[in-house]
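Structural characterization, general
Okay, here's what each chain looks like letter by letter:
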Amino acid sequence: MGKIDIKPYPKQEKFFLADTRYIAYGGARGGGKSWAARTKAMLLALGNDGLQILLVRRTLTELRENHIIPLAIMLEGIAKYSSQNKEFIFPNGSRIVLGYCKNEMDVLQYQGQAYDVIFLEEATHFSEFQFNVFMESNRMSGMAGALFKPRMYLTCNPGGVGHAWVKRLFVDKEYRNKEKKENYTFIQSLVFDNEFIVKNNPEYIENLENLPEMRRRAMLFGDWDAFEGQFFPEFTREVHVVEPFEIPSNWFRFLSLDYGMDMTACYWWAVDPDGFMYAYRELHQPSLILSEAAQLIDEMCLEPYSYITASPDLWNRRQETGKSGYEIMTENGLHSLRPAGNSRIPGWRMFREYLKPVKDRYGNLTPKLMICANCTEAIKSIPQLQYHETILEDASSNPHEITHAPESIRYAVMSRPQSAEEAKPVKIKNVFIRERNEDFIGVGAGDKVIEI
């Protein structure tokens, strides 16, 4: 049997000894994360009979370069590697299965499987949805005995699509529902903790020091409040989120709607007399057909509204019915639908302007756009939105599931007039109209348009 020589640095040793349910390690470049992950996986497999371990990276190339090749060298004469199944099989029945998860839905291949231990390498490259699916598979395999308790190990740097959920759990320590503080351990490791790099490759540290400020803060010092690629770095819970409150009856109200079969994202908005907008109700639900979405939105409308600014493609006729989405939704209870402005970059610029704090009538700095704490999907999605890979000033469409809430909010700010003054809505035969001349687009057969 081969011999393995292991000499962890102090932070890596803390990672090896941690025994909570979820253990995260890293926080900056050069902290020795990949070595720590694969070495811990190997130690667990050697020390526990029948242990089923899954080690995951985002892409196959990363998996091969960071783990398959190094593990093959480390485990020569100790464990047998199956290239077909991408797994190391140990004489005691333990396995290290190596997987990758490039696309969002690739994670579903792990549903129904059971692993006593799961390693998520570069966890911030995975969405919260993917993390949740992996959690479902992190349970007793039945092959390692009842004494070993399932756990997950994560390595991570600031940035990436998973930045928000990793930061919430391990850095901010904000827990929800049945999440428990005692189940989470975070071990911060910087390049300065890596003795090999400090002694033998100081140029690498100099390279990190020469990075642009925001990226340097994240990659060199592990600053989770600064990372490259975040589309709305100015959005913070402390500044832009408020507790729900009783909205005065004279405030102007409207809705914004981003509709797709994969997700319906609708927000109810109240605008105060000075033009400050508050999202106070949220519908964020997948797999609704047009009529179901319209009926549910109508049921949730507890007070009058002036208009619904909605996805422009709702005015396209559906081949299967010959009707447009606008017509179907109108038939199912919605009124005053209007196509949203769909110029993306001007819309994002407007969104950014509304996030910027300005002085209110009392002299306080307040954003023009605020979100009530019950609109949880919006609060989660906005900070996760990333820059587009090639189009300057546009937001990325990946991962797609986090784009619906920001798109709906973009429609909302694009619908706002330059003046903050609004007339109260007037209801005439189930149609709300505004007391000013305007063009009505896509009026249905059951609608009545009256100019005042």
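Coordinates for the structure precede this section.
First things first, this report covers the structure right here in the doc. (Residues numbered from 1 in each chain as written. Predicted model: local features only at pLDDT ≥ 70, side-chain atom pairs only at ≥ 80, totals over all residues. Heavy atoms only, no water.)

**Describing the sheet that holds strand β3 (residues 80–82)**
Cut-off, in case you're wondering: Here a strand pair is declared whenever DSSP counts at least two bridges between the two strands. Strands here are runs of E lasting at least two residues and helices are runs of H or I lasting at least four, both read from the DSSP assignment and numbered beginning at the N terminus. Comment: axis = line fitted to C-alpha atoms, over the contacting stretch for helices; angle = value between 0 and 180 degrees taken between N-to-C directions.
A sheet is described by the order of its strands in space; here eight strands give the open sequence β3-β4-β5-β2-β6-β7-β1-β8, paired in mixed fashion. The sheet terminates laterally at β3 and β8 (184–188), the two strands that pair on one side only. Each strand of the sheet is rotated relative to its neighbour by a mean of 15 degrees, with strand direction disregarded. Where strand β2 (residues 52–57) meets strand β5 (residues 95–100), six bridges bridge the pair, whose relative direction is parallel. Across the sheet, L55 pairs through a bridge with L98, a residue of β5.

**Some thoughts on helix α5 (residues 163–171)**
Spelled out, the test is: Whether a residue is buried, partly exposed or exposed follows from its accessible area with a 1.4 Å probe, protein chains only, as a fraction of its type maximum: under 20%, in between, or over 50%, in that order. The contact rule is simple, with two residues in contact once any of their heavy atoms fall within 4.5 Å.
Among the nine residues in α5, seven count as buried, and that is most of the element. Taken together, the buried positions of α5 are occupied by H163, W165, V166, K167, R168, L169 and F170. In this structure, the buried side of α5 is in contact with β1 (22–26), α4 (128–137), β7 (151–156) and β8. The first or second residue beyond α5 is K173, which carries a positive phi of 55 degrees.

**Remarks on helix α10 (residues 290–300)**
Rule in force here: Read the arc as the range of directions from the helix axis to the C-beta atoms.
Within the sequence span of α10, burial applies to L290, S291, A293, A294 and I297. What you see down the axis of α10 is that its buried residues fit within an arc of 160 degrees, all on one side. Among the structural elements, β10 (252–259), β11 (264–271), β12 (277–285) and α11 (325–331) are those in contact with the buried residues of α10.

**Structural notes on the state of the cysteines**
Defined as follows: Note that a disulfide, as used here, is simply two cysteine sulfur atoms within 2.5 Å.
Counted according to the given criterion, the structure contains zero disulfides. Between C301, a free cysteine, and C266, which holds the nearest cysteine sulfur, the sulfur-to-sulfur gap is 6.9 Å. The closest cysteine sulfur to the non-disulfide-bonded C375 is located on C372, 6.0 Å from its own sulfur.

**Regarding unusual backbone geometry**
Look at N177: it is not a glycine, yet its phi comes out positive at around 50 degrees. Relative to the elements of secondary structure, N177 occurs in the loop between α5 and β8. Classification of N177 by relative accessible area gives exposed; the value is 84%. Even without a glycine there, the phi angle at S336 is positive, about 55 degrees. Here S336 is to be found in the loop between α11 and β14 (337–339).

**Some details on the packing of aromatic side chains**
Which entries qualify depends on this criterion: Two aromatic rings, drawn from Phe, Tyr or Trp (for Trp, its six-membered ring), form a pair once their centres lie within 6.5 Å of each other, and the interplanar angle then sorts them: stacked below 30 degrees, edge-to-face above 60, tilted otherwise.
Applying the stated criterion across every chain yields a total of 27 aromatic pairs. Arranged with centres 5.0 Å apart and planes meeting at 15 degrees, the rings of Y22 and Y184 form a pair that is stacked. One end of the pair, Y22, is in strand β1; the other, Y184, is in strand β8, and 162 residues separate them in sequence. For Y22, a relative accessible area of 9% translates into the label buried. Measuring from centroid to centroid gives 5.3 Å for W315 and Y326, while their planes differ by 20 degrees, and the two rings are stacked. Separated by eleven residues along the polypeptide, W315 in the loop between β13 (308–310) and α11 and Y326 in helix α11 bring together distant segments of the chain. No difference in accessibility class separates W315 from Y326, as the two residues are buried. Here the aromatic residues F15, F16, Y25, W35, F119 and Y153 are joined through ring pairs into a cluster of three or more.

**Focus: the sheet that holds strand β17 (residues 369–372)**
Pairing in this open sheet of seven strands is mixed, and the strands run β9-β17-β12-β11-β10-β13-β14 from one edge to the other. The sheet is open, and its two borders are formed by β9 (241–242) and β14, each paired with just one other strand. With two bridges connecting them, β9 and β17 associate as parallel partners. The partner of V241 across the bridge, within β17, is I371.

**Section: a nonpolar patch on the surface**
The following threshold applies: Patch construction takes residues with relative accessible area above 30% that form no salt bridge. Like charges are linked within 9 Å, and nonpolar side chains (Val, Leu, Ile, Met, Phe, Trp, Tyr) are linked within 5 Å. All accessible-area figures derive from a Shrake-Rupley calculation using a 1.4 Å probe, and residue coverage is judged against the displayed protein chains alone. The working definition used for a salt bridge is a side-chain nitrogen of Lys or Arg within 4 Å of a carboxyl oxygen of Asp or Glu.
A cluster of nonpolar residues, M105, L108 and F129, forms a patch on the protein surface that exposes about 250 Å² of accessible area. Looking at the secondary structure, you find M105 in the loop between β5 and β6 (117–120).

**Thoughts on the pattern of salt bridges**
One pass over the full model with this rule turns up 20 salt bridges. With a closest N to O distance of 2.8 Å, D172 and K167 form a salt bridge. The class for K167 is buried, based on a relative accessible area of 14%. Across the pair R317 and E327 runs a salt bridge whose closest N-O atoms are separated by 2.7 Å. With R317 in the loop between β13 and α11 and E327 in helix α11, this pair connects stretches of sequence that are ten residues apart. Three or more residues joined by partner-sharing salt bridges are found here, namely R344, D394, E407 and R410.

Without other data, these values stay purely geometric and don't point to any function.
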